[in-house]
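# Architecture at a glance
Below, each chain spelled out in residue letters.
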Amino acid sequence: MPEPRPHLGEPLALDLLNTRWIAATGPQDLLTDVSGLREWLADNDLGLPADEATLHALVTTREAILRAVRGETADDLNTVLAHGRIRRALTPDGPAALPEVAQPAWLPGWLAADNLLHLLASTPDRIKQCAHPQCILYFLDTSKNGTRRWHSMAACGNRAKATRHYAKKTQAE
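Right, let's walk through the structure included here. Since the structure is predicted, the reported quantities are computational estimates derived from the model, not experimental observations. (Residues numbered from 1 in each chain as written. Predicted model: local features only at pLDDT ≥ 70, side-chain atom pairs only at ≥ 80, totals over all residues. Heavy atoms only, no water.)

A word on the nonpolar core. Membership of the largest hydrophobic core comes to 39 residues, with the highest contact counts inside it found for Leu-14, Leu-16, Leu-31, Trp-40, Ile-65, Leu-77 and Leu-116. No other element matches the 7 residues that helix H3 (residues 52–69) contributes to this core. (Core = buried A, V, L, I, M, F, W, Y, C linked by side-chain atoms within 4.5 Å. Buried < 20%, exposed > 50% of the residue type's maximum accessible area, 1.4 Å probe, protein only. Helix = DSSP H or I, 4+ residues; strand = E, 2+ residues; numbered from the N terminus.)

Written out as structure tokens, the structure reads:
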């Protein structure tokens, strides 16, 4: 079983990207089996069934989101988005935007892809990859001035500071 994920609480699209990370023991991937999918669904309060079809759809979506965030291609993301749509409705609680996805296995991935669209529409310059060279995690920069560099100052930020300090110390000797 993979080590516990080092960074939770990001918007759904970025949290999906963060199901892969680098640990001291090497690369980790939460989405290698249905139990990891079940964990990811629970972490994001998605009370949806976990099965092989959903796992496959979610891994496909993760790759599509990664390519879109890197600016490589939007085609794969658009393919994921083609699996569903938003239906507007008036409910007893008021106006609602309800996702409709024909194949239930695509719902979690579709929700993550739709979330990425919202992030790209509202704060595209705030979607960032951690600046530490050995970190592959993503985060939404919510700092006031938009200059956050690390997914976690306590983890990657301190490691980078320690590396710089050690380099300066060894150059001075």
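Having put the structure on the table, let's press on.
Let us now look at the pattern of salt bridges. This structure, assessed with the given rule, holds 10 salt bridges. A salt bridge links Arg-62 to Glu-63; its shortest N-O distance comes to 3.8 Å. By relative accessible area, Arg-62 is classed as buried at 2%. Here Arg-85 and Glu-100 are joined by a salt bridge, their closest N and O atoms 2.6 Å apart. One end of the pair, Arg-85, is in strand S3 (residues 84–91); the other, Glu-100, is in strand S4 (residues 94–101), and 15 residues separate them in sequence. Taking the relative accessible area as the measure of exposure, Arg-85 reaches 46% and is therefore partly exposed. Linked by salt bridges that have partners in common, Arg-20, Asp-29, Arg-62 and Glu-63 make up one network. (Salt bridge = Lys/Arg side-chain N within 4 Å of Asp/Glu carboxyl O.)

Here we come to the state of the cysteines. Going through the model one piece at a time under the given rule, you end up with 0 disulfides. Cys-130 takes part in no disulfide bond, and the closest cysteine sulfur, belonging to Cys-156, lies 3.7 Å away. Residue Cys-130 is classed as buried on the basis of its relative accessible area of 5%. According to the relative accessible area criterion, Cys-156 is buried, its value standing at 2%. (Disulfide = S-S within 2.5 Å.)

It is the contact of H3 with helix H5 (residues 107–122), at a shortest axis distance of 8 Å, that shows an interaxial angle of 15°. Looking at the two axes, H3 sits roughly parallel to H5. Between H3 and H5 lies a crossing whose hand is right-handed. Two secondary-structure elements touch here, H3 through Thr-54, Leu-58, Thr-61, Ile-65, Ala-68 and Val-69 and H5 through Pro-108, Gly-109, Ala-112, Ala-113 and Leu-116. Class assignment of the residues belonging to the contact of H3 with H5 gives a composition of 8 nonpolar, 3 polar and no charged. (Axes fitted to C-alpha atoms, helices over the stretch in contact; angles between N-to-C directions. Parallel < 35°, antiparallel > 145°, perpendicular 65-115°, else oblique. Left-handed = near helix turned anticlockwise from the far one by under 90°. Contact = heavy atoms within 4.5 Å. Nonpolar A, V, L, I, M, F, W, Y, C, P; charged D, E, K, R; others polar.)

A few words on the pairing of strand S2 (residues 26–29). Bridging between strand S1 (residues 20–23) and S2 involves 4 bridges; their strand directions are antiparallel. Following the sheet pairing, Arg-20 is matched in S2 by Asp-29. A loop of 2 residues connects S1 with S2, the two strands running antiparallel in sequence. (Pairing = 2+ DSSP bridges.)

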